[in-house]
Amino acid sequence: MTTAGSAGYGAYRLDGLPARVTIHEVGPRDGLQNEAAIVPVEVKAEFVARLARAGLTRIETTSFVHPKWVPQLADAAELLDRLEPAPGVRYPVLVPNERGLDRALERGVTEIAIFGSATETFARRNLNQGLESQFAMFAPVVERALRHGMKVRAYLSMCFGDPWEGAVPVEQVVRAGVRLLDLGCFELSLGDTIGVGTPGHVAALLDGFAAAGVGPERLAVHFHDTYGQALANTLAALTKGVTVVDASAGGLGGCPYAESATGNLATEDLVWMLDGLGVETGVDLTSLVETSVWLADRLGRPSVSRVVRALGPADAGGSD
Ligand code: HMG
Ligand code: MG
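Owing to the predicted nature of the structure, the values given are computational and were not obtained by experimental measurement.

Parameters and conventions
Residues numbered from 1 in each chain as written. Chains lettered and ligands numbered in written order. Predicted model: local features only at pLDDT ≥ 70, side-chain atom pairs only at ≥ 80, totals over all residues. Heavy atoms only, no water. Helix = DSSP H or I, 4+ residues; strand = E, 2+ residues; numbered from the N terminus. Axes fitted to C-alpha atoms, helices over the stretch in contact; angles between N-to-C directions. Parallel < 35°, antiparallel > 145°, perpendicular 65-115°, else oblique. Left-handed = near helix turned anticlockwise from the far one by under 90°. Contact = heavy atoms within 4.5 Å. Nonpolar A, V, L, I, M, F, W, Y, C, P; charged D, E, K, R; others polar. Near = heavy atom within 4 Å. Polar contact = N/O pair within 3.5 Å; in protein donor to acceptor, adjacent residues only side chain to side chain. 1 Å grid on protein atoms, 1.4 Å probe; cavity = no way out; pocket = protein on both sides within 12 Å on 5 of 7 lines; lining within 4 Å. Sits in = over half its atoms within 2 Å of the grid points.

### Side note on unusual backbone geometry
- Positive phi, normally seen in glycine, also occurs at Asn 128, with a value near 60 degrees.
- For Asn 128, the location among the structural elements is in the loop between α5 (120-127) and α6 (133-147).
- In this structure, Met 158 takes a positive phi of about 60 degrees despite not being glycine.
- Examined against the element boundaries, Met 158 turns out to sit in the loop between β6 (151-157) and α7 (170-182).

### A look at the packing of helix α4 (residues 98-106) against α6
- The N-to-C vectors of α4 and α6 enclose an angle of 25 degrees; their axes lie 9 Å apart at closest approach. Taken as axis vectors, α4 and α6 run roughly parallel relative to one another. Seen from above, α4 lies across α6 with right-handed handedness. Where α4 approaches α6, its residues Glu 98, Leu 101, Asp 102 and Leu 105 are matched on the opposing element by Pro 140, Val 141, Arg 144 and Ala 145.
- Classifying every residue of the contact of α4 with α6 gives 5 nonpolar, no polar and 3 charged.

### Quick look at the site of ligand 1
- In the vicinity of ligand 1 lie 27 residues, with His 66, Asn 97, Asn 128, Ser 157 and Thr 193 positioned nearest.
- Between Arg 29 and ligand 1, the recorded distance is 2.9 Å, taken from a side-chain N or O atom to an oxygen atom.
- A distance of 2.7 Å is found between an oxygen atom of ligand 1 and a side-chain nitrogen or oxygen belonging to Ser 157.
- In a pocket analysis with a 2 Å cut-off to the grid points, ligand 1 is assigned to the largest pocket.
- Secondary-structure elements contributing two or more residues to the shell around ligand 1 are α1 (27-31), α4, α5 and β6.
- Examining the composition of the shell around ligand 1, we find that 3 residues originate from one element, α4, more than from any other.

Honestly, it's all geometry; don't read function into it.
In structure tokens, the structure reads:
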């Protein structure tokens, strides 16, 4: 006999975990920005709608970045025009600069995310800015977005290591993160862009933020699963009080400007673990797996999520 989720085998709590976790779904943005092929806008719109039906309440939909930098998301405006917002669901978009904010405002967006770097090299490669000058680019964006009543999230990339600079000291990450929060962002998502972090490093970074006066209620975690550490790192973050976790349906993802960045933590793998721990997410695993199987067929390649592979049909998306 098979069961649709881990809770079918019993839910066993671990001490110190939150009762509920909010999943910040990044598949349509972080996932599709890294696809070799450009996914048709109607497929993206259906993907977002299916994610909402599966119970995800924060769906990062697209980016208003330069279309030459990320051609995969050049259809951002058209995608938003096609969306039929579901009640209770938030659809944040990435915005790097004032031009991006103008474009988001034109489309009636109510929530954005800026995305900074903890290292000089990645700030230059991803934003065409220096580590210091990125804050001057973001400051007027956040200020104007808040004036328009928007919510503004911040990302910080390369929090655990950088492919060009190697190890990134905790103090350097905390300094950059605090500056992003001080601009007026409601939450800071700590990005392991290339997936090199390990659980003790996660705990040390969260301790570093706590020592600087930033508690886990203002932090989210964003793990790429390059070295298979994303779930272990997530569990470490949850034991430290974090309750917002970024994940990508089917494990889609990466970053076109970071060498060796592969997919995000798969949302299905996260939900499987949280269901088994008795931690509520509001996400229906069966419906989410169906969505990733549907998308894998459209992309013509199988999902990398272990749970999608275990629960979905053997031939979803073709063979590897
Ligand atoms: P730039 O070339 O320095 O821009 O790019 P500029 O300000 O010099 O302007 C040059 C031209 O671009 C101008 O047009 C602007 O209007 C136009 P012209 O006057 O020459 O005709 N322009 C724009 N057009 C459309 N939308 C815009 C925009 N801005 C300027 N927003 C820029 C600077 C920031 C725009 C560029 O570097 C860029 O688009 N970067 C985005 C890269 C990106 O999206 N990376 C992936 C997301 S980050 C990530 O994945 C990590 C994360 O997941 C967390 C983690 O894993 O760690 C979040
Ligand atoms: Mg990412």
